[in-house]
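# Remarks on the overall topology
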Amino acid sequence: MFEDLQYLLKPKYHALWADYCRYLELGWQHFNDANRATATKYEQLRLLETAIRRDFPLKENLLARLQRHFVAENLSLYLLLDPLSAWRYAASGKTPESETALTEIVQRAVAPAARLLMVLNDENPSTYLPMTSFLTALFLEQLQTQKSPLLQNVKRSKKQWCRKYDGLLKNAFVLLGIVGSKRLKFKLAMALNAMKVKIGKIVNNKQPTAELLDRVKIFWYAVFQFITVRRRTTTQKGL
């Protein structure tokens, strides 16, 4: 789901992040599968929750590996449990009737990943919400590109979607002023600017793939922001 963001983490966490993204992707696909009965999916969710709370017996299974990762890094199992609320909605077979409802479901699905990214970077909880906004923008754009059935009742034009992304990215850019790690600050600047350039291309009906000139712009925007955006604390007015 967000495998490409592993560069935001130190190499020692890449295996954990890959397994966690695989877990999110498999859960999202499985419980959004219209070919599976709702009652069956609800029972599978119950069994999954039970399995997460216990030591999984199959040691090479994805869930067992994640449990070992979480124990080794002293991470909360709620990072595995929280996505279940989004999958429970998906299992019902319903589709959101508004952009607000869709955004809420997506935020439930991506918020644990946002927290995990920030925890593994030793950042404080004030960074969780802006990172959730960034992942929400990324995931909504993926759903739109894939023409997901979840969007069938959400009537929005391309420009309206792009305004939505712009709003989420505006919230996400707060990260540059509050993260403590300089390494993470620069990499986030690169990621945020890459998404902003991509949205601009979508608005102008261009291929969203970044070309050489785009990559140069993204790099120099990131350098400028790294230098000019000052560190703020969460106790200052306005945060």
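Quick look at the structure, then. (Residues numbered from 1 in each chain as written. Predicted model: local features only at pLDDT ≥ 70, side-chain atom pairs only at ≥ 80, totals over all residues. Heavy atoms only, no water.)

Let's shift gears to the nonpolar core. In this structure, Phe2, Tyr20, Tyr23, Phe134 and Leu135 are the most contacted members of the largest nonpolar core, which totals 72 residues. The biggest single contributor to this core is helix H6 (residues 99–120), with eleven residues. Setting aside chain neighbours within four positions, we find leucine 135 in contact with Phe2, Leu5, Val110, Ala113, Ala114 and Leu117. (Core = buried A, V, L, I, M, F, W, Y, C linked by side-chain atoms within 4.5 Å. Buried < 20%, exposed > 50% of the residue type's maximum accessible area, 1.4 Å probe, protein only. Helix = DSSP H or I, 4+ residues; strand = E, 2+ residues; numbered from the N terminus. Contact = heavy atoms within 4.5 Å.)

On the surface, Leu212, Leu213, Val216, Phe219 and Trp220 cluster together into a nonpolar patch covering about 530 Å² of accessible area. Assessed through its relative accessible area of 54%, tryptophan 220 is described here as exposed. (Patch = residues over 30% accessible without salt bridge, like charges linked within 9 Å, V, L, I, M, F, W, Y side chains within 5 Å. Areas by Shrake-Rupley, 256 points an atom, 1.4 Å probe, with all protein chains shown as cover. Salt bridge = Lys/Arg side-chain N within 4 Å of Asp/Glu carboxyl O.)

This part covers the packing of aromatic side chains. One pair of aromatic rings is described through two measures. These are the centre distance and the angle between the planes. The tally for this structure, following the rule as stated, stands at ten aromatic pairs. On the numbers, 6.1 Å between centres and 35° between planes, the contact of tyrosine 20 with tyrosine 23 is tilted. One end of the pair, tyrosine 20, and the other, tyrosine 23, are both in helix H1 (residues 14–31), three residues apart, so they sit about a helical turn from each other. Each member of the pair, tyrosine 20 together with tyrosine 23, is buried. Judged by centre distance (6.1 Å) and plane angle (85°), the ring pair of phenylalanine 186 and phenylalanine 226 falls under edge-to-face. (Phe/Tyr/Trp six-rings, centres within 6.5 Å; stacked < 30°, edge-to-face > 60°.)

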